[in-house]
Amino acid sequence: MLTEERQQKILELVEKYKSVSTQNLMDELHISESTARRDLNMLDEQGRLSKVRGGAMIKDRLYRTKDDDVHLRKSMNQEEKRAIARYAASLIEAEDFVYLDAGTTTELMIEYLSEQRVVFVTNAVGHAKKLSEAGYTTYLLGGEFKATTEAVVGDEAVESLKKYNFTKGFFGANGVSPEYGLSTPDVKEAMVKRTAMASSAKRFVLCDASKFSQISCVKFADFTNAVIITTEVDGKEYARFKHIMEVNRS
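**Q** How do you make sense of the overall build of the protein when you look at a structure like this?
**A** The helix and strand inventory of the protein stands at ten helices and 17 strands. Relative to the globule expectation of 18 Å for 250 residues, the C-alpha radius of gyration of the protein, 18 Å, shows essentially globular dimensions. Each principal axis of the C-alpha distribution contributes one length, and for the protein these read about 60 × 35 × 35 Å. Buried positions account for 56% of the 250 residues belonging to the protein. Look at the contacts in the protein between residues 6 or more apart in sequence, and 62% of them connect residues 24 or more apart. A total of about 11500 Å² of accessible surface is found on the protein, and carbon and sulfur atoms cover 48% of it. With 36 positive and 38 negative side-chain charges, the protein shows a spacing of 2 Å between the two charge centroids.

**Q** Whenever I open this one, helix 3 (residues 33-45) confuses me. Can you help?
**A** One turn of an α-helix holds 3.6 residues; hence residues three or four places apart share an orientation. Here helix 3 spans 18 Å end to end across 13 residues, near enough to the 18 Å set by a 1.5 Å rise per residue. Of the surrounding elements, those touching the buried residues of helix 3 are helix 1 (3-17), helix 2 (22-29), strand 2 (50-52) and strand 3 (55-57). Count one or two residues on from helix 3 and you reach Gly47, which has phi positive near 75°.

**Q** Whenever I open this one, a nonpolar patch on the surface confuses me. Can you help?
**A** A contiguous nonpolar surface patch, about 260 Å² in accessible area, is contributed by Val125, Leu140 and Phe145. Among the secondary structure elements, Val125 is positioned in helix 7 (residues 125-133).

**Q** Would you mind showing me how to read the pairing of strand 7 (residues 137-140) here?
**A** Consecutive side chains along a regular strand alternate between the two faces of the sheet. For strand 6 (residues 119-122) and strand 7, the ladder comprises four bridges, and the chain directions are parallel. Looking at the pairing, Val121 lines up with Tyr139 of strand 7. Remark: the strand 6/helix 7/strand 7 crossover connection has right-handed handedness.

**Q** It is not clear to me how the sheet that holds strand 10 (residues 166-171) should be interpreted in this structure. Could you clarify?
**A** Two modes of strand pairing occur in sheets, parallel and antiparallel, and in both the strands are linked by backbone hydrogen bonds. Spatially, 7-6-5-10-13-16-17 is the arrangement adopted by the seven strands of the open sheet, whose pairing is parallel. Across the chains shown, the open sheet's two edge strands, defined by having one partner strand only, are strand 7 and strand 17 (244-246). Neighbour to neighbour, the strand axes of the sheet diverge by 25° on average, direction disregarded. In the sheet, strand 16 (residues 227-230) pairs with strand 17 via three bridges, with the strands oriented parallel. Bridge pairing links Ile229 to Met245 in strand 17.

**Q** Which parts of the structure should I look at to understand unusual backbone geometry?
**A** Note on backbone geometry: most residues besides glycine have negative phi, and most peptide bonds are trans. Even without a glycine there, the phi angle at His30 is positive, about 55°. Along the polypeptide, His30 turns up in the loop between helix 2 and helix 3. The backbone phi angle of Glu150 is positive, close to 55°, even though this residue is not glycine. Tracing the chain through its elements places Glu150 in the loop between strand 8 (144-146) and strand 9 (151-153). Overall, Glu150 belongs to the partly exposed group, its relative accessible area being 24%.

Criteria and thresholds
Residues numbered from 1 in each chain as written. Predicted model: local features only at pLDDT ≥ 70, side-chain atom pairs only at ≥ 80, totals over all residues. Heavy atoms only, no water. Helix = DSSP H or I, 4+ residues; strand = E, 2+ residues; numbered from the N terminus. Rg over C-alpha atoms; globule rule 2.2 N^0.38 Å. Buried < 20%, exposed > 50% of the residue type's maximum accessible area, 1.4 Å probe, protein only. Contact = heavy atoms within 4.5 Å. Areas by Shrake-Rupley, 256 points an atom, 1.4 Å probe, with all protein chains shown as cover. Lys, Arg positive; Asp, Glu negative; His and termini not counted. Charge placed at Lys NZ, Arg CZ, Asp CG, Glu CD. Expected span 1.5 Å × (residues − 1). Patch = residues over 30% accessible without salt bridge, like charges linked within 9 Å, V, L, I, M, F, W, Y side chains within 5 Å. Salt bridge = Lys/Arg side-chain N within 4 Å of Asp/Glu carboxyl O. Pairing = 2+ DSSP bridges. Right-handed = clockwise from strand over helix to strand, strands pointing away. Axes fitted to C-alpha atoms, helices over the stretch in contact; angles between N-to-C directions.

Structure, rendered in structure tokens:
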């Protein structure tokens, strides 16, 4: 495949999915990691996309002002998400009282749970159904239902959370940035995340490569307020942070 043809296909993938990881490009185009990185560098220099840690995103999408539909997000970065979810699920122990935030990676955790003596609270309708079907005692927050993320949000959900003290909380994020913190596009969803995180003794953010160096409208926590579980960290700016946990894909 000629360079120009390959780079055009990269642009088409970025346009379609809004963001792609280097691994996505390797899998889709059957190219090496060095080729993918070289193409991304060239396209970024030409101003045709924005190169971010671990991949690229559509130009001018650094600031994200709305959520992508949950069904679209479920199809993206599957290999990374499964590796992250598998490791996160292994952190849950007997007698834990766990908050499981809405999100496609937190949802995948349910497939890898092995300890049955656990109680869950969640704001995700789909998560609650899967957990209950798997035999777990599960509490679903009440409040406003948000269709794009299939999450329960708003003041009522926040008030419900205030009565709980979780041993562990697992969270999703749309943006992860040392300067701008952990963020999400929706203020109501941010309120729920912030309250649940404050009520969790141990806090974990599940974050695939596409989320790094992105910024959403509403910050719900400082960058260092939770252990960040991911598969890889590119770039010197992240090397100094000890709270980033890298896990193997296999």
